[in-house]
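Coordinates in review
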Amino acid sequence: MDLPTTAKAVIIGGGIVGCSTAYHLGKLGWSDTVLLERKKLTSGTTFHAAGLVGQLRTSANITQLLGYSVDLYKRLEAETGLNTGWKMNGGLRLACNAERWTEVKRQATTAHSFGLEMHLLTPKEAQDLWPLMTIDDLVGAAYLPTDGQANPSDITQSLAKGARMSGVRIFEDTPVRRILVEGGKVTGVETDLGTIACEKVVICAGQWTRALAATVGVNVPLVSVEHQYMITERIAGVTPGLPTLRDPDRLTYWKEEVGGLVWGGYEPNPKPWAVSGIPEGFHFETLTPDWEHYEQFMSDAIARVPALANAGVKQLLNGPESFTPDGNFILGEAPELKNCFIGAGFNAFGIASGGGAGMALAEWVAKGEAPYDLWPVDIRRFGSVHRSTDWVRARTMEAYGKHYTIAWPSEEMRSARPTRRSPLYAHLNAARACFGEKLGWERPNWFAGPGQEPVDRYSYQRPGWWEAVAREHKAARAAAVLIDQSSFAKFTLKGPDAAKALNWIAAGNVDRPVGSLTYTQMLNDRGGIEADVTVARLAEDEFYITTGTGFATHDFHWISRNLCGDCQLVDVTSGFAVLSLMGPEARRILQRVCPDDLGNQAFPFGRARRISVAQCPVLALRVTYVGELGWELHMPTEVAVTVYEALMAAGQGAGLVNAGYRAIETLRLEKGYRAWGSDIGPDHTPVEAGLTWAVKMKSGIAFKGREAIAAQLAQGVKKRLATFTVTDPEVILLGRETILRDGERVGWLSSGGFGHSLGQPIGLGYVRRAGVDAAWLASGVWELEVASERVPCRAGFDPLYDPQGLRVKA
């Protein structure tokens, strides 16, 4: 078969993800797709993968994606005639202490929320499923009957055959030497056998992806890490139906293979590989086994499975895998290069993800958008800090080492810090801030009180910062707080067509007089919320856009790709610091250092003005995300310290205190303010989220997504965001708790926390039923499943707090 000179899409890489993408593009009618493999199919990482297939993740959509993998693997052999080695033998997860058991019970609730079958077992019930293990240290276990295992090479070959059956052409021994780019978009690939002109390129090259993508300016944050597992000879009692087993407290996983066991682990001291680059020609190769390094697992493994002590060893396999800084894989169109797509960094669960990831990536390529919100794995979650391979490697080593540690709520990573610091970092550090990190930025999470260390102490109960956040929360309600939010992503849009272009993208009306401040969503054609931003009009031809720290790359890409006309979008994040002064005393404090009139008539809510603070130029935005009087003060970076010191001095005697991001979270929950990435996103519309008031439907002005919103307003919606409160103050809500009405599962919480003004746990979540209204909420008996136990709750649509007084809606 001769190499074609043109194709609609070229996939680079013949592992499971590349072959799955080819298979699904074929199913979508993209038969003019070519897959190029530098050596042989599966010869990179896929051939030595362990092959465990688990489904449950903390995201409903990623769980759905992995569930799709299972459904595909069940039917693939019948379609292609090639054996896949798929076995739905179920999966066990063990818990050996109280905190781990709490985690497992919360995972079971998450599974129930997402519609995934998961059962909690006693130690003896777990042993009945896995008779070879000891259970003297077990508190309990969880069992997922639809998990399983597969043969990675067989599944990949079956996917490849399915792709060929749809007309996709696959070429082995055809390395890509160069990706061709012209006019800011992909135009083709160059190989030793010739050049292929194409519309789209999909890089699924595993651990080679970072280097290859970098040649065309695309950043893919992954590095190679050595990962070892042992293959034993036959062991008496090991049967083909033995479930997969994960023993996180002993850092190990297990599966049956040909009457023996495959078992490996995730050590706290992983070994990076190919620091200076992957050796030329590396394929179908593994690394030299490191018995000394692997020894750290042995005593715990033998204690769990005593038969291992006398088992024969076929092989200790050491295979390099690609891992990412946050443990999630990487999908989507590269924000730096149009029509270049990435599917890589699968963190040793590429087999579990491969079917679903290939489906999602194929739809992204063919239709221009993902089939549903995939933010946890979206390549646009990364930023400029991830261009440093040293940074990526340091963080990835930490993430690998935490693979089986308890995933504490609000846990912060510690490596590669500090990197990005606001001008106020030293001042806040001296004020005893406990910092968190987002996209490389150091951000104050909370401030330690007298006798308290500014160190996070994690728990599934009340964490160590509980009282500190309560103090900051109450100060915001009673007096005032000052919060360093310099990490906000900030863009300027300038040009003669700026107003027209932005008003097309924004669902709210931003084409208002100079000085207007507009809170708005930006929608896709389905009406889903792609961005949630604040827009200040600074001039007839200039707008200032603010969005969340972690959304900098995503939102810049979304806005820029949808702009039209003569206007330019520029990221000015590093040029401006931001101080948020919030609380009933905010005006009095600010007025002490500002000669401008800050009265409500002169400076009403929803306005942006340039003012002077401590003789420094400040762009003041009258807006709030905490439900109190206040301003976001945006200023040139070089004056931030001066303004901060002046405000803190002015706040003496008025109750002003420093506050952090964890107080912002508790305050916004009381007001029912939505957070993009949890409460709202591409799968949620303003109508469903209770944000129709922010959409310019009555104006008659066209905007992206308008038709979808009009249809929902006419026909109704099938889910609505509601607020839930629990009377028992000891209940801990974290998000993903199951919502039940009259005993029936109707959704799950998208956010959870505690309202320190109310003294109650608060959650936000979608009730997934058609025709939901206030009367329907009021007529039901509501419960939340929390850590596998049901607790009564109240449901409503209205905010729980208003500055004139507290109210709780039934």
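Since the model is a prediction, treat every value here as computed from it, not as a measurement. Each residue is numbered by its place in its chain's sequence as written, counting from 1. The predicted nature of this model means local features are confined to residues of pLDDT at least 70 and side-chain atom pairs, given and counted, to a pLDDT of 80 or more, with totals for whole chains, interfaces and linings taken over all residues. Side-chain calculation: all heavy atoms of the structure are included, whereas hydrogens and water are not.

1. With respect to the sheet that holds strand β35 (residues 744-755)
Let me state the cut-off plainly: Strand pairing is assigned whenever DSSP detects at least two bridges linking the two strands. Strands here mean DSSP runs of E at least two residues long; helices mean DSSP runs of H or I at least four residues long; both are numbered from the N terminus. Geometry is summarised by axes, namely lines fitted to C-alpha atoms with helices restricted to the contacting stretch, and by angles between N-to-C directions that run from 0 to 180 degrees.
Read across the sheet, 7 strands follow the order β38-β37-β34-β35-β36-β33-β39 without closing on themselves; strand pairing throughout is antiparallel. Edge positions in the sheet fall to β38 (789-792) and β39 (794-796), since each of these pairs with one other strand and no more. Averaged over all adjacent pairs, the angle separating strand axes in this sheet is 35°, with direction ignored. In the sheet, strand β33 (residues 720-725) pairs with strand β36 (residues 760-767) via 6 bridges, with the strands oriented antiparallel.

2. Concerning the pattern of salt bridges
Threshold: A pairing counts as a salt bridge when a side-chain nitrogen of Lys or Arg comes within 4 Å of a carboxyl oxygen of Asp or Glu. Relative accessibility thresholds used throughout: buried, under 20% of the residue-type maximum; exposed, over 50%; partly exposed, between the two (1.4 Å probe, protein chains only).
In total, this model carries 44 salt bridges according to the counting rule given. The salt bridge partner of Asp173 is Lys40, with a shortest N-O separation of 2.7 Å. Here Asp173, found in the loop between β8 (169-171) and β9 (176-182), pairs with Lys40, found in the loop between β2 (33-36) and β3 (52-53); they are 133 residues apart in sequence, far enough to count as distant. By relative accessible area, which is 41% here, Asp173 ends up partly exposed. A relative accessible area of 34% means that Lys40 is categorised as partly exposed. Linked by salt bridges that have partners in common, Asp137, Asp247, Arg250, Asp300 and Arg304 make up one network.

3. Details of the sheet that holds strand β30 (residues 616-621)
Ordered in space as β29-β30-β31-β28-β22-β32, the 6 strands form an open sheet in which the pairing is mixed. Two strands bound the open sheet, and with one partner strand each, they are β29 (608-613) and β32 (656-658). Direction aside, neighbouring strands of the sheet carry axes that sit 30° apart on average. Here 7 bridges tie strand β28 (residues 576-582) to strand β31 (residues 630-636), and the two strands are oriented antiparallel to one another. Directly across from Ala577, in β31, lies its bridge partner Met635.

4. Section: the packing of helix α1 (residues 16-27) against helix α5 (residues 152-165)
Definition in use: Each angle receives one of four descriptions, namely roughly parallel if under 35 degrees, roughly antiparallel if over 145, roughly perpendicular if within 65 to 115, and oblique otherwise. The hand of a helix crossing depends on one turn: near helix anticlockwise from the far one by less than a right angle means left-handed, and clockwise means right-handed. A contact between two residues is defined here by any heavy atoms of the two lying within 4.5 Å. Here the nonpolar group is Ala, Val, Leu, Ile, Met, Phe, Trp, Tyr, Cys and Pro; Asp, Glu, Lys and Arg are the charged ones; every other residue, Gly included, is treated as polar.
The N-to-C vectors of α1 and α5 enclose an angle of 25°; their axes lie 8 Å apart at closest approach. The angle between the axes of α1 and α5 places the two elements in the roughly parallel class. The interaxial crossing formed by α1 with α5 has left-handed handedness. Facing α1, whose interface residues are Ile16, Cys19, Ser20, Ala22 and Tyr23, α5 presents Ile155, Thr156, Leu159, Ala160, Gly162 and Ala163. Looking at the contact of α1 with α5, its residues break down into 8 nonpolar, 3 polar and no charged.

5. Considering the packing of helix α2 (residues 60-80) against α5
Angle between the axes and distance between the axes are the two parameters that describe a pair of packed helices. The N-to-C vectors of α2 and α5 enclose an angle of 55°; their axes lie 10 Å apart at closest approach. If you check the angle between α2 and α5, you find them oblique. Between α2 and α5 lies a crossing whose hand is left-handed. Of α5, the residues touching α2 (which contributes Leu72, Tyr73, Leu76, Glu79 and Thr80) are Ile155, Ser158, Leu159, Lys161, Gly162 and Met165. Looking at the contact of α2 with α5, its residues break down into 6 nonpolar, 3 polar and 2 charged.

6. Notes on the packing of aromatic side chains
What counts is decided by this rule: Only the six-membered ring of Trp is used, alongside the rings of Phe and Tyr, when aromatic pairs are assigned; centres must lie within 6.5 Å, and planes under 30 degrees apart are stacked while those over 60 apart are edge-to-face, with the rest tilted.
Under the counting rule described, the total for this entry stands at 28 aromatic pairs. Ring geometry for Trp254 and Trp263: centres 5.1 Å apart, planes at 15°, overall stacked. Classification of Trp254 by relative accessible area gives buried; the value is 0%. Taken together, a centroid distance of 5.8 Å and an interplanar angle of 70° make the contact between Phe603 and Trp631 edge-to-face.

7. Structural notes on the side chain of Thr191
Stated formally: For the purposes of these results, a polar contact is taken to be a pair of N or O atoms within 3.5 Å, where, inside protein, one atom must be able to donate a hydrogen and its partner to accept one; residues adjacent in sequence count only when each atom of the pair is a side-chain atom.
Examined against the element boundaries, Thr191 turns out to sit in strand β10 (residues 185-191). Of the residues examined, Thr191 reaches a relative accessible area of 7% and is grouped as buried. Side-chain polar atoms of Thr191 contact the backbone nitrogen of Leu193, separated by 3.0 Å. Of note is the side chain of Thr191, whose polar atom sits 2.8 Å from the backbone oxygen of Gly194. Once you skip the residues sitting within four places of it in the chain, Thr191 turns out to touch Leu3, Leu36, Thr174, Pro175, Val176 and Arg177.

8. Some words on the confidence of the model for the chain
Applicable threshold: Confidence of the predictor at the level of single residues is captured by pLDDT, which takes values from 0 to 100.
In the predicted model, the chain carries a mean pLDDT of 97, and the fraction of residues at 70 or more is 99%. In the model, residues 805-810 has pLDDT below 50 throughout and makes 19 contacts with residues more than four positions away in sequence or in other chains.

9. Let's talk about the pairing of β30
Of all 6 residues making up β30, 5 are buried, and the element is well covered by its neighbours. The antiparallel pairing of β29 with β30 creates a hairpin that spans 2 residues between the two strands, and Ala614 there sits at a positive phi of about 55°. Where β30 and β31 come together, 3 bridges link them in antiparallel fashion. If you follow Leu619 over to β31, its bridge partner there is His634.

10. Examining the side chain of Thr21
Mapping Thr21 onto the fold places it in helix α1. In contact with Thr21, other than residues within four places in its own chain, are Ile11, Val202, Cys204, Gly358, Leu361 and Ala362.

11. Examining the pairing of β35
With respect to burial, β35 is a largely interior element, 10 of its 12 residues being buried. Counted between consecutive antiparallel strands, the loop separating strand β34 (residues 738-741) from β35 contains 2 residues, among which Asp742 sits at a positive phi close to 50°. The pairing of β35 with β36 spans 8 bridges and is classified as antiparallel. Looking across to β36, one finds that Gly755 is bridged to Gln760. Where β35 hands over to β36, the hairpin turn is made up of 4 residues, of which Gly759 adopts a positive phi near 75°.

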